[in-house]
Amino acid sequence: MQRQLTLPHLTDTEFYSIINYTYKTIPGDIMIVSLENISKFYNGNQILKNISLTIEDNDRIGLIGINGCGKSTLLKIITGREDPETQPEPYTANISRTKGMTVGFLEQNSGLDRSSTIIEEMRSVFSELIAVSDRMRELEQLMAEPGIRRDEKRFSEISAEYSRKTAYFEANDGYLINVNITKVLNGMGFPPDTYDRVISTLSGGEKTRLALARLLLEDPKLLILDEPTNHLDFETVMWLEDYLQEYKGALLIVSHDRYFLDKLTTSICEIERGVLKRYKGNYSAFAVQKKADTARQLKEYEAQQQEIAKLQDFVDRNLVRATTSSMAKSRIKKLEAMELVEKPVLYEKSAKIKFEYDIEPPFDLLTVKNIDVSAGENPDRKTLVESMSFEVKRGEKLAVIGPNGIGKSTLLKIIQHKLPCSHGNIEWTKNVKISYFDQENAQLDMDKTVMDEVHSRYRTMNDVEIRSLLGSVRITGENVFKKVGVISGGERAKLCFAIMMLERGNVLILDEPTNHLDIDTKEVLEQALEDYTGTIIFVSHDRYLLNKIATRIIEINENSTESYGGGFDDYIAKKREKQAAAQAEADALKQEKARQLAEEKSVKAYRSKEQRAADAKKRNRVKELEKEIARLEEEMSVIQAELADPEVCADYKLMQEKCAALEDMKKLCSEYEDEWLTLSEELS
């Protein structure tokens, strides 16, 4: 859909006027944004160093890097909200973009805050098309007036304008405005009964989701999303993934959700030490390439350092000696001309986490029978899940998932007897030692220093041993003397992991363990959990963790639980199989009901000749529609197969034609299906 809709950020004129470096229009229609020599300083520190990046119209780019590396700054430069540094030749900053390019930018923790209702805000995206529709209605009324119909010239002018407006309206999917709005709002968690809510009364998370919904409807040529999954549940995230997989524009995504990046990205751009490097493939492919690159660069760095040391030693020993002075000077020149290899950020500098235990418990570890999961205090205590039962075997890695507020964290506390269980039984086997990670860090004393928190639990440890332990999880320097309540959420999580390593539990119970962790620490934790041979029971929204660690998933819904073998991908596949089977069963019941109704109606009273003739005409039309739908579906399958052909993909114009033809067929097929359904109901 080609709309000249610019976001409330900047118009094209404003974008060009505020930039004091070169802009130029890119010929052709493949590359949509090009950055060259982009640098940025803050407080004397260079956070971006001569970055270059090309974004093409079919790109799916993930932008990653540690917090504070400059990701948000780069996004602001791309959208024109910030300027890069002005530098002399040959480092002059250049930003190029295609004429008429539109950018949609969802910033982290941003959202709409308007006095309009949800539906009014979404319809405002299509204000131009709605105005065209209103004009079409006016023209229809004019053409129906007898006086104008008798004025051939005037009627011809109105008809021509009506034809132009209709063609424009249809070309821009004007007839699908309400369908598209409903589709996106429902997908983002806004059912029809919320459409009249005033936006300013929504929660922060709802406002962010609504801002994303508006961006999707605006359909910009470049969609930039900064942590888009922060306020989304599983169902909404998966809907968004499916939607973005079919998105026609380019995507640039900043996210700590590695599963999301794996699903959507075809290249990863990492900013490290101010330098951007691009890797082909999704996040998992990047992780493999990055590790290999780091190992290669480290070898090159160490080899060069050895060579430098050798050359410097020769210089030191021979520079003042007359017979060897010239040779020493030549080595000085070689040292000065040498292009230094920068030491890589080493994987070994990450946190080191390893969970071990001393006693192996029996195989049948835990039995939970008919327990109720309840929250609150009497008399306001609320039962979230009734009569829940499951078993856990030694060595299992059991994940518990479900919507927010369903009682997952409460369940973890109940099975540890930290909260009362009003019904049922919880039986642990002997020799079980539990080590528990609470997402709220409630087991920590916020008024103690980090050092004292460890020392109060393990009195025999000296300061050197404690600092060594804390250093292994990357809590170093002055941070060890700070109060627990002052350090960051990520550092508190690392402190908990350090304590858990000392506890040596043979059962780990973890409540959202990856919250507040950067990607690097998440990967270290995942490896530790994967290597751990004991039993794990954990709650998480981190689908990457669920996919890598879980051997079984229990899903909790309102008053029901279900168990699925395998990781998150297995869970999704089985869920979709069940949904497809349920839909097939519902369709079969519907058809059977329709057949029975038809039989009942066939034996009813005499119908007039005109009624029988009308029904016969409808039946003929139903048969025609069935043939047309089958034909269109066959043709769409052919085009979809052609779109996967590399030769077709390489021909941009042909791709456009194929995609346009496919969209037309989808629209026509939808119209035929609606007509078929209407006629079938009338005949039933």
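Preceding this paragraph is the structure being described.
Rules used throughout
Residues numbered from 1 in each chain as written. Predicted model: local features only at pLDDT ≥ 70, side-chain atom pairs only at ≥ 80, totals over all residues. Heavy atoms only, no water. Buried < 20%, exposed > 50% of the residue type's maximum accessible area, 1.4 Å probe, protein only. Helix = DSSP H or I, 4+ residues; strand = E, 2+ residues; numbered from the N terminus. Pairing = 2+ DSSP bridges. Contact = heavy atoms within 4.5 Å. Core = buried A, V, L, I, M, F, W, Y, C linked by side-chain atoms within 4.5 Å. Expected span 1.5 Å × (residues − 1). Axes fitted to C-alpha atoms, helices over the stretch in contact; angles between N-to-C directions. Parallel < 35°, antiparallel > 145°, perpendicular 65-115°, else oblique. Left-handed = near helix turned anticlockwise from the far one by under 90°. Salt bridge = Lys/Arg side-chain N within 4 Å of Asp/Glu carboxyl O.

**Q** Honestly, the pairing of strand S5 (residues 94–97) in this entry has me stumped. Any pointers?
**A** Regular strands show a simple pattern: their side chains alternate between the two faces of the sheet. Alternating positions in S5 separate into two faces, Asn 94 and Ser 96 on one and Ile 95 and Arg 97 on the other, with burial throughout. Of the pairings in the sheet, the one linking strand S2 (residues 31–42) to S5 comprises 4 bridges and is antiparallel in character. Among the inter-strand pairings, Glu 36 is bridged to a residue of S5, identified as Asn 94.

**Q** Could you clarify how one ought to interpret the environment of Phe 260 in this entry?
**A** Position of Phe 260 relative to the elements: it lies in helix H10 (residues 258–264). Classification of Phe 260 as buried rests on a relative accessible area of 0%. Phe 260 has contacts with Pro 228, Thr 229, Val 237, Leu 240, Glu 241, Leu 244, Ile 253, Ser 255 and Arg 543, leaving out every residue within four places of it along the chain.

**Q** Before we go on, may I ask you to explain the nonpolar core in this structure?
**A** The biggest cluster of nonpolar side chains holds 97 residues, and the ones touching the most others in it are Leu 244 and Phe 355. Contact partners of Phe 355, with chain neighbours within four places excluded, come to Phe 497, Met 500, Met 501, Leu 508, Leu 525, Ala 528, Leu 529 and Tyr 532. Formed by 29 residues, the second largest nonpolar core is a distinct cluster that contains Leu 35, Ile 78, Ala 93 and Val 254.

**Q** Honestly, helix H4 (residues 127–144) in this entry has me stumped. Any pointers?
**A** A turn of α-helix holds 3.6 residues, and therefore any two residues three or four places apart point the same way. Taking 1.5 Å per residue, 18 residues should reach 26 Å; H4 reaches 26 Å between its end C-alpha atoms and fits that length. All buried positions along H4 are accounted for by Leu 129, Ile 130, Val 132, Ser 133, Met 136, Leu 139 and Met 143. Those residues of H4 hidden inside the fold are in contact with helix H3 (118–124), helix H5 (146–150), helix H6 (152–171) and helix H7 (177–187).

**Q** Is there a simple way to think about the packing of H4 against H6 in this case?
**A** The contact between H4 and H6 brings their axes to 10 Å, and the two run at 150°. Between H4 and H6, the angle falls in the class roughly antiparallel. Both H4 and H6 take part in a crossing whose hand is left-handed. Of the residues in H6, those in contact with Glu 128, Leu 129, Val 132, Ser 133, Arg 135, Met 136, Arg 137, Leu 139, Glu 140, Leu 142 and Met 143 of H4 are Arg 154, Phe 155, Ile 158, Ser 159, Glu 161, Tyr 162, Lys 165, Thr 166, Tyr 168 and Phe 169.

**Q** How do you make sense of the pattern of salt bridges when you look at a structure like this?
**A** Side chains bearing opposite charge may pair, as long as their charged atoms lie close to each other. One pass over the full model with this rule turns up 43 salt bridges. Across the salt bridge formed by Asp 257 and Arg 543, the nearest N and O atoms sit 3.2 Å from each other. Separated by 286 residues along the polypeptide, Asp 257 in the loop between strand S8 (250–254) and H10 and Arg 543 in helix H18 (residues 543–549) bring together distant segments of the chain. Look at Asp 257 and you get buried, because its relative accessible area is 15%. For Asp 313, the salt bridge goes to Arg 317, with nearest N and O atoms at 2.9 Å.

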